[in-house]
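Chains, contacts and geometry: an overview
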Amino acid sequence: MADLRLVLVTPEKTLFDRPVASIRVPMFDGSAGIYPGRAPLVGRLGIGELRLLGNDGVNESYFIEGGFIQIKGEQVSVLTGAAIDAAKISRKSAAEELEKATAEKASSDEEAAIQARKLERARKLVKMATVD
Amino acid sequence: MANARLLVKRLKSVRNIRKITRTMELIATSRFKKAMDRATEAAEYTKKISEIVGDLGKANLKFSHPLLQERTETKKSVLLVLTSNRGLCGGYNGAVLRNTLRHIRQLNQDGVDYSMEVSGKRGIKFLNFQKIAMEESYTHFEDSPTFAQVDEIGSRYVEDYIAGRIDRLDVAYTSFQTISRQTAVIETLLPLSSLSEGSTEEVASGSGLGPDYEFHPSAEEILAEIVPAAFRAKLFKCFLDAAVSEQIARMVAMKGATENADEMAGSLKQQYNRARQAGITSELAEIIGGAAALE
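Residue positions within a chain follow its written sequence, with the count starting from 1. Lettering of chains starts at A and numbering of ligands starts at 1, both following the order in which they are written. In keeping with the model being predicted, local features are shown solely for residues with a pLDDT of at least 70 and side-chain atom pairs are shown and tallied solely at 80 or more, while totals for entire chains, interfaces and linings include all residues.

Focus on helix α3 (residues 121–129) of chain B
All names here are of chain B. The exposure label follows from counting other C-beta atoms within 10 Å of a residue's C-beta, where the C-beta atoms are placed from the backbone and the thresholds are 20 or more for buried and 12 or fewer for exposed, leaving partly exposed in between. Secondary structure elements follow DSSP: runs of H or I of four or more residues count as helices, runs of E of two or more count as strands, with numbering from the N terminus. Within the sequence span of α3, burial applies to R122, G123, F126 and L127. Mapping the buried residues of α3 onto a view down its axis gives an arc of 120°, with all of them on the same face. Two residues form a contact once the distance between their C-beta atoms, set from the backbone, is within 7 Å. Among the structural elements, β1 (76–82), α2 (92–110) and β2 (113–119) are those in contact with the buried residues of α3. Residue K131 follows α3 closely and has a positive phi angle near 60°. Note that the arc is defined by the directions from the helix axis to the C-beta atoms.

Put into structure tokens, the structure is as follows:
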């Protein structure tokens, strides 16, 4: 089992379904790397960058927002609510989002939790933004 | 001759209407294909979710989650009605709204407090006419609802349900079975009856097969996350189904209308030809009669 296949699924469509060399996913508690031959796993994902190294040696990355990962044999399925190609994240809109999230005022615990989530998302987006 | 002129006018208008219905049919066909593609793509997500739920089942886990628990007493229920923004789609809206009215009557009988949420201008107009109060109304769901839009509503339901503000959520929509079969149904989404397409027991009985998974974090924590995700996917599917069914309904209705217009144009043309011939014959008879009188 020297192969690895990544399937990236969002509720709207399957974004990615190709063999890859290696993958790095943001788990809920930190980053995790996956190489061929990984033991079966079901896990929860966090917000952040999904990075993959294609068989042709080209790096690709996606911004993903939570979800689940399932590793079964050579197939790695990533289910996420939203995934954005890193090459399409604009610095400007990411900065705007961060500004908006920062400006929000939370008055209850739940609101604070939502705001924290938004802030995390915006910060990660800003970090990953590549185009203007 | 006045008769013939009237017929020409009618013939023209019938032909014009035919042009419109034919065009609408073609548009609905192309939109249907797009909506169908989206629905198939979305099915993949639901499939994967069920797969993971199945994997969790192998971990000898008891399926318990606030969203799965049935309330002993239903005090407050929410009815979400999905209709279209535009008309001319045959019995599509009618069927959904008929079901809705029946459901409301049932709720009134049972003495359950309910609130209505309606998507689509057609449904909103109808319920306004029936003087049924609506809590929320949405008109921004077009042919291709996005997950983010649906998620906004879905998250609110999840929060309300867990907090105990609502005890039940029903969705009245048109479910898509096959291309030639769609039925208006009312489905109870909360409490969630089952997580996967098959029942949970069935999934759980498959233990011992397949790989031995490592759960990260624990299976319970993953379950706590996956139940809301499954609910959202299910709600999203309702919207997609409704969109696909609407296009099919419109396609069928417009096809019927085009055929009717064809038939009508044919009979009008025939009537016109007869009237014209009758006119010519009577004119000829007059001339011949006139000439005969001169002799």
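Comments concerning the nonpolar core
Joining buried Ala, Val, Leu, Ile, Met, Phe, Trp, Tyr and Cys residues through C-beta atoms within 7 Å gives a set, and that set is a nonpolar core. Formed by 86 residues in total, the largest nonpolar core has its most connected members in A:V78, B:I49, B:L82, B:L169, B:I226, B:A230 and B:F239. For this core, the element with the most residues is helix α6 (residues 219–294) of chain B, which contributes 21 residues.

Here we look at the sheet that holds strand β4 (residues 168–178) of chain B
All names here are of chain B. One open sheet holds the five strands; their spatial order is β3-β2-β1-β4-β5, and the pairing between them is mixed. A strand with exactly one partner marks an edge of an open sheet, and here the two such strands are β3 (136–138) and β5 (181–190). When the angles between neighbouring strand axes are averaged without regard to direction, this sheet yields 25°. Should DSSP find at least two bridges between two strands, the strands are regarded as paired. Pairing geometry for β1 and β2, over seven bridges, is parallel. Residue pairing across strands places V81 opposite V118, the latter belonging to β2. α6 rests against β1, β4 and β5 of the sheet, and its axis sits at about 50° to β4. Note on geometry: axes are lines fitted to C-alpha atoms, helical ones only across the stretch in contact, with angles between N-to-C directions running from 0 to 180 degrees.

Considering the domain arrangement of chain A
Residue and element names in this part refer to chain A. Domain limits in this description derive from either an automatic procedure or a database domain assignment. Split by domain assignment, chain A resolves into domain 1 (5–86) and domain 2 (90–128). Here the C-alpha centre of domain 2 lies 24 Å away from the C-alpha centre of domain 1. Counting residues at the interface gives six residues for domain 1 and five residues for domain 2. The set of elements that each furnish at least two residues to the side of domain 1 that touches domain 2 consists of β4 (41–54) and β5 (59–72). In terms of residues, the side of domain 1 that touches domain 2 owes the most to one element, β4, which gives three residues.

Some thoughts on the interface of chain A and chain B
Taken together, the contacts link 20 residues of chain A with 26 residues of chain B. Looking at the side of chain A that touches chain B, the elements with two or more residues in it are β2 (14–27), β4, β5 and β6 (75–79) of chain A. If you tally residues by element for the side of chain A that touches chain B, the top one is β4(A), at four residues. Across the side of chain A that touches chain B, the residue classes break down as 10 nonpolar, six polar and four charged. Nonpolar residues are Ala, Val, Leu, Ile, Met, Phe, Trp, Tyr, Cys and Pro. Charged residues are Asp, Glu, Lys and Arg, and all others, Gly as well, are polar.

Considerations on unusual backbone geometry
All names here are of chain B. Of the consecutive residues L190 and P191, the connecting peptide bond is found in the cis state with omega at 0°. Tracing the backbone shows P191 in the loop between β5 and α5 (200–204). A cis geometry characterises the amide bond from H216 onward to P217, with omega recorded as 0°. When you line up the elements, P217 lands in the loop between β6 (214–216) and α6. Positive phi is not limited to glycine here, since L88 has a value of about 55°. Here L88 is to be found in the loop between β1 and α2. Overall, the presence of 15 C-beta atoms within 10 Å leaves L88 in the partly exposed class. Phi angles above zero are rare outside glycine, and K131 is one such case at about 60°.

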